[in-house]
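Here are the chains, one letter per residue:
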Amino acid sequence: QKIAEAPNLEDWKSIDYLQKKAGDATVVVEERSSEKDSFGKGNEKSMAFGELLDLIAKGDTMHYLTTQDVEANEDGRPDLMAPFMKRFQDDFPLRPSLMGNLVPQNINLWMGNNVDGASSGLHHDYHDNLYM
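Here the structure is a predicted model, which is why all the values come from computation and not from measurement.

Brief notes about the confidence of the model for the protein chain
In low-pLDDT segments, the atomic positions of the prediction should not be examined closely.
No. 1: Here the protein chain averages 84 in pLDDT, while 84% of its residues score no lower than 70.
No. 2: Predicted confidence in the protein chain is weakest over strand 4 (residues 111-112), with a mean pLDDT of 88, and strongest over helix 2 (residues 49-57), with 96.

This is how it looks when you write it as structure tokens:
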């Protein structure tokens, strides 16, 4: 079902669509050293987003797209999203009506595979999250 405010989110299920939008963009991914290792240990690697998509399509569980660094403007204020994410900014509202008067501080994308299905261990984020 299409979300009225974000009609292109349905397209995100297609690796071809994601490849066309940002396959050549460079992203930083976390890389595990073994299947038993966990993410979040600072083992990072730069690669093309398309390369990560290919790995995900093949079932790879060793790489994980996590928060990307944002650029700061001339006043030192951080941008809303990383340059990579700006390729998708027409696919979703920058301020969904669900949020009322709240203003997003950062927009990210997390992506990876897990043999046991989608999972995120119990943790605390410093920002509130809205998942779409």
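The rest of the description comes next.
As for the nonpolar core
No. 1: Membership of the largest hydrophobic core comes to 22 residues, with the highest contact counts inside it found for Phe49, Leu65, Phe84 and Phe88.
No. 2: Secondary-structure elements contributing two or more residues to this core are helix 1 (15-22), strand 1 (26-31), helix 2 and helix 3 (83-86).
No. 3: Considering each element in turn, this core owes the most residues, four residues, to helix 2.
No. 4: With sequence-adjacent residues up to four places away left out, phenylalanine 88 is seen in contact with Trp12, Leu18, Lys21, Ala22 and Phe49.

Brief notes about the pattern of salt bridges
No. 1: Tallied over the full model, the rule gives six salt bridges.
No. 2: Note that aspartate 24 and arginine 87 form a salt bridge whose closest N and O atoms lie 2.5 Å from each other. Of the two residues, aspartate 24 sits in the loop between helix 1 and strand 1 while arginine 87 sits in the loop between helix 3 and strand 4, which places them 63 residues apart along the sequence.
No. 3: The exposure class of aspartate 24 is exposed, given its relative accessible area of 62%.
No. 4: The class of arginine 87 is partly exposed, set by a relative accessible area of 35%.
No. 5: For glutamate 35, the salt bridge is made with arginine 32, and the minimal N-O distance between the two is 3.4 Å.
No. 6: Judged by its relative accessible area of 48%, glutamate 35 falls in the partly exposed class.
No. 7: Judged by relative accessible area, arginine 32 falls into the buried class, the value being 13%.

As for helix 2
No. 1: Those residues of helix 2 that fall on the buried side of the exposure criterion are Phe49, Gly50, Leu52, Leu53 and Ile56. Each buried residue of helix 2 sits inside an arc of 155° when the element is viewed along its axis, so together they form one side.
No. 2: Summarising the contacts, the buried residues of helix 2 are in contact with helix 1, strand 1, strand 2 (44-48), strand 3 (63-65), helix 3 and strand 4.
No. 3: Remark: glycine 59 follows helix 2 within two positions and exhibits a positive phi of approximately 90°.

Let's talk about helix 1
No. 1: Taken together, the buried positions of helix 1 are Tyr17, Leu18 and Ala22. Here the buried residues of helix 1 occupy an arc of 95° about the axis, which is enough to place them on one side. The exposed set on the far side of helix 1, more than 90 degrees from its buried face, consists of Asp16 and Lys20.
No. 2: Buried residues along helix 1 sit in contact with helix 2, helix 3 and strand 4.
No. 3: N-capping of helix 1 is provided by serine 14, with a side-chain oxygen placed 3.3 Å from the backbone N of aspartate 16.

Observations regarding the pairing of strand 1
No. 1: Two elements, strand 1 and strand 2, share five bridges in a ladder whose sense is antiparallel. Along strand 2, the bridge assignment pairs valine 27 with methionine 47.
No. 2: For strand 1 and strand 3, the ladder comprises three bridges, and the chain directions are antiparallel. The residue bridging glutamate 30 from the neighbouring strand is tyrosine 64, located in strand 3.

Reading guide: rules and limits
- Residues numbered from 1 in each chain as written.
- Predicted model: local features only at pLDDT ≥ 70, side-chain atom pairs only at ≥ 80, totals over all residues.
- Heavy atoms only, no water.
- pLDDT = per-residue confidence, 0-100.
- Helix = DSSP H or I, 4+ residues; strand = E, 2+ residues; numbered from the N terminus.
- Core = buried A, V, L, I, M, F, W, Y, C linked by side-chain atoms within 4.5 Å.
- Buried < 20%, exposed > 50% of the residue type's maximum accessible area, 1.4 Å probe, protein only.
- Contact = heavy atoms within 4.5 Å.
- Salt bridge = Lys/Arg side-chain N within 4 Å of Asp/Glu carboxyl O.
- Arc of directions from axis to C-beta.
- Polar contact = N/O pair within 3.5 Å; in protein donor to acceptor, adjacent residues only side chain to side chain.
- Pairing = 2+ DSSP bridges.

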